[in-house]
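Per-entry structural report
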Amino acid sequence: MKLLVLAIALQAHQAFAKKLPQAFTICSRNDPQLDECFSGATQKALSLMTEPIPELSLPGIDPMKFDKIEIPPSKSDNFKFKQTLTNLELRNLKATKVKKTRVNLGESEFNVLIYTNTPWLKLEGNYEIDGKILVLTIKGEGTFTVTFDDVKVVVNMTGTIHRKKGKPHLQIDDVTFKMDPNNLIFKFDNLFNGNEDLGRSLNSLLNENWRPIYAEIGSTYEEFVAAYLKNVVTQIFNKVSYDDLFPIK
Ligand SMILES: *[C@@H]1O[C@H](CO)[C@@H](O)[C@H](O)[C@H]1NC(C)=O
């Protein structure tokens, strides 16, 4: 019991007590050019956050790792296949260029929009797939990659500003991550127990139909990345106070 009290006391002491590491760019909340400053700060943060940052308990974002993504069969009769993806890594977020940001810091609410371009992103891991694409059966398990070419992304973060332990801090309530790729290249190895002709045909069929397929399943990828980002930003907001993230100057 005593130990528990001590642990809680220690945690409370650490909450909102850290600063961002020096290499991060800090923007003043009353900077008339806050959007421009924050675009630069986001670009800098992306490059720093490629690697894990232990002092803020941040996992690295390149690669971004996921244990498992289940994609249920879509509603469209043309692409009725179920996918289970495991041991996933999303690569190349470090090549992201921040195009612009919109930062809106209110009295008790905030909204941040981040617009980016990335030349390519690659999701790789293990898959199990089962179902139908158009009139053909698709079935198999093995390793896969999905390459997203020339990806435009919009990140939308909304949240609230709270006062805790005397210090205001930011709380993320909602994150959306919308990806608009210019092309998708699916490569599922070992479809149909390694039947190469069938495997090649099915991969081509997937690639030729990437747009309707992405319209059906893209939101599942997006939700996982959004949840990952929400977790990363929450780690920062739990440790660094509002005044230290966006000081008044
Ligand atoms: C951002 O998300 C909020 C809350 O979900 C929503 O009200 C707002 O319209 C979104 N903004 C954009 C530009 O999509």
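Being a predicted model, the structure only gives us computed values, none of them experimental. Each chain carries its own residue numbering, running from 1 in the direction its sequence is written. Selection of residues for local features in this predicted model requires a pLDDT of at least 70, selection of side-chain atom pairs for listing and counting requires 80 or more, and totals for whole chains, interfaces and linings are taken over all residues. Heavy atoms from the whole structure form the basis of all side-chain values; hydrogens and water molecules are not counted.

Things to note about the pairing of strand β2 (residues 79–91)
On any regular strand, side chains alternate: one points to one face of the sheet, the next to the other face. We treat two strands as partners when DSSP finds at least two bridges between them. In this description a helix means any DSSP run of H or I spanning at least four residues, a strand means any run of E spanning at least two, and both kinds are numbered starting from the N terminus. Pairing of strand β1 (residues 64–71) with β2, which is carried by 7 bridges, proceeds in the antiparallel orientation. Looking at the pairing, Met64 lines up with Leu90 of β2. For β2 and strand β4 (residues 109–133), the ladder comprises 11 bridges, and the chain directions are antiparallel. Bridging from a neighbouring strand, Lys80 pairs with Lys132 of β4.

Details of the nonpolar core
In terms of nonpolar packing, the biggest core is built from 71 residues, with Met49, Met64, Ile133, Phe148, Met179, Phe186 and Tyr221 touching the most fellow members. With 13 residues, the single largest contributor to this core is helix α4 (residues 210–239). Note on definitions: a residue-residue contact is assigned when non-hydrogen atoms from the two residues lie within 4.5 Å. When residues no more than four places from it in sequence are discounted, the contact partners of Phe186 are Thr145, Val146, Asn203, Leu206, Asn207, Trp210, Ile213 and Tyr221. Definition of nonpolar core: a set of buried residues of the types Ala, Val, Leu, Ile, Met, Phe, Trp, Tyr and Cys, connected through side-chain atoms within 4.5 Å. Each residue is assigned to one of three classes by its accessible area relative to the maximum for its type, calculated with a 1.4 Å probe on protein chains only: buried under 20%, partly exposed between the two thresholds, exposed over 50%.

Quick look at α4
Expected span, for any helix, means 1.5 Å times one less than how many residues it has. Along its 30 residues, α4 runs 41 Å from first to last C-alpha, staying within 8% of the 44 Å computed at 1.5 Å per residue. One axis fitted to the seven residues ending at a residue, another fitted to the seven starting there: the angle between these axes is the bend at that residue. If you look at α4, its biggest bend is around 50 degrees, right at Glu216.

Some remarks on the state of the cysteines
Among covalent bonds in proteins, the disulfide is the one between the sulfur atoms of two cysteines. Any cysteine sulfur atom paired with another within 2.5 Å is treated as part of a disulfide. A complete count under the given rule lists 1 disulfide for this structure. Each sulfur in the disulfide pair Cys27 and Cys37 lies 2.1 Å from the other. Residues Cys27 and Cys37 are joined by a disulfide whose S-S torsion is about -95 degrees; by sign, that bridge is left-handed. One end of the pair, Cys27, is in the loop between α1 (2–14) and α2 (34–48); the other, Cys37, is in helix α2, with 10 residues separating them in the sequence. Residue classification places Cys27 among the buried positions, given a relative accessible area of 2%.

As for a nonpolar patch on the surface
Patch rule: a residue counts if its relative accessible area is over 30% and it has no salt bridge; like charges are joined within 9 Å, and nonpolar side chains (Val, Leu, Ile, Met, Phe, Trp, Tyr) within 5 Å. Residue exposure ignores everything except the shown protein chains as possible cover, and the areas themselves are Shrake-Rupley values with a 1.4 Å probe. Here a salt bridge means any side-chain nitrogen of Lys or Arg lying within 4 Å of a carboxyl oxygen belonging to Asp or Glu. Taken together, the side chains of Leu134, Val135 and Leu136 make up a nonpolar region of the molecular surface, amounting to roughly 260 Å² of accessible area. Of note, Leu134 is situated in the loop between β4 and β5 (136–164).

Re the side chain of Ser76
The topology assignment puts Ser76 in the loop between β1 and β2. A polar contact is formed between the side chain of Ser76 and the backbone nitrogen of Asn78, at a distance of 3.1 Å. For the purposes of these results, a polar contact is taken to be a pair of N or O atoms within 3.5 Å, where, inside protein, one atom must be able to donate a hydrogen and its partner to accept one; residues adjacent in sequence count only when each atom of the pair is a side-chain atom.

A few points about the pattern of salt bridges
On inspection of all chains with the given rule, the structure shows 13 salt bridges. Residue Lys65 is joined to Glu89 by a salt bridge in which the shortest nitrogen-to-oxygen separation is 3.8 Å. With Lys65 in strand β1 and Glu89 in strand β2, this residue pair connects regions lying 24 residues apart in the sequence. Accessibility expressed as a relative area gives 19% for Glu89, which makes it buried. Put simply, Lys65, Glu89, Arg91 and Glu124 are held in one network by salt bridges that share partners.

Some points on the confidence of the model for the protein
Within a predicted model, pLDDT stands for the predictor's per-residue confidence, ranging from 0 to 100. Here the protein shows a mean pLDDT of 92. Residues at 70 or above account for 94%. Of all helices and strands in the protein, the one with the weakest mean pLDDT is α1 (52), whereas strand β3 (residues 97–105) scores best (98).

Remarks on the packing of aromatic side chains
Each Phe, Tyr or Trp ring, with Trp reduced to its six-membered ring, pairs with another whose centre is within 6.5 Å; inter-plane angles below 30 degrees give stacked pairs, above 60 give edge-to-face pairs, and intermediate values give tilted ones. Applying the stated criterion across every chain, the model contains 11 aromatic pairs. Judged by centre distance (6.1 Å) and plane angle (90 degrees), the ring pair of Phe66 and Phe224 falls under edge-to-face. On the criterion of sequence distance, the pair formed by Phe66 in strand β1 and Phe224 in helix α4 is long-range, its members being 158 residues apart. By relative accessible area, Phe66 is classed as buried at 9%. On the basis of relative accessibility, which here comes to 28%, the residue Phe224 falls in the partly exposed class. Aromatic pair Phe148 and Tyr214: ring centres 6.3 Å apart, planes at 80 degrees, arrangement edge-to-face. Placement of the pair is Phe148 in strand β5 and Tyr214 in helix α4, with a sequence separation of 66 residues. Here Phe148 falls in the buried class, since its relative accessible area comes to 2%. Taking the relative accessible area as the measure of exposure, Tyr214 reaches 9% and is therefore buried. These aromatic residues form a ring-pair network of at least three members: Tyr127, Phe144, Phe186 and Phe188. Placement of a positive charge over a ring is assigned whenever Lys NZ or Arg CZ falls within 6 Å of the ring centre and within 35 degrees of the normal to the ring plane. One cation-aromatic arrangement involves Arg29 over Tyr242; the distance from NZ or CZ to the ring centre is 3.8 Å. Geometry around Tyr115 places Lys100 over its ring, the cationic atom sitting 4.7 Å from the centre.

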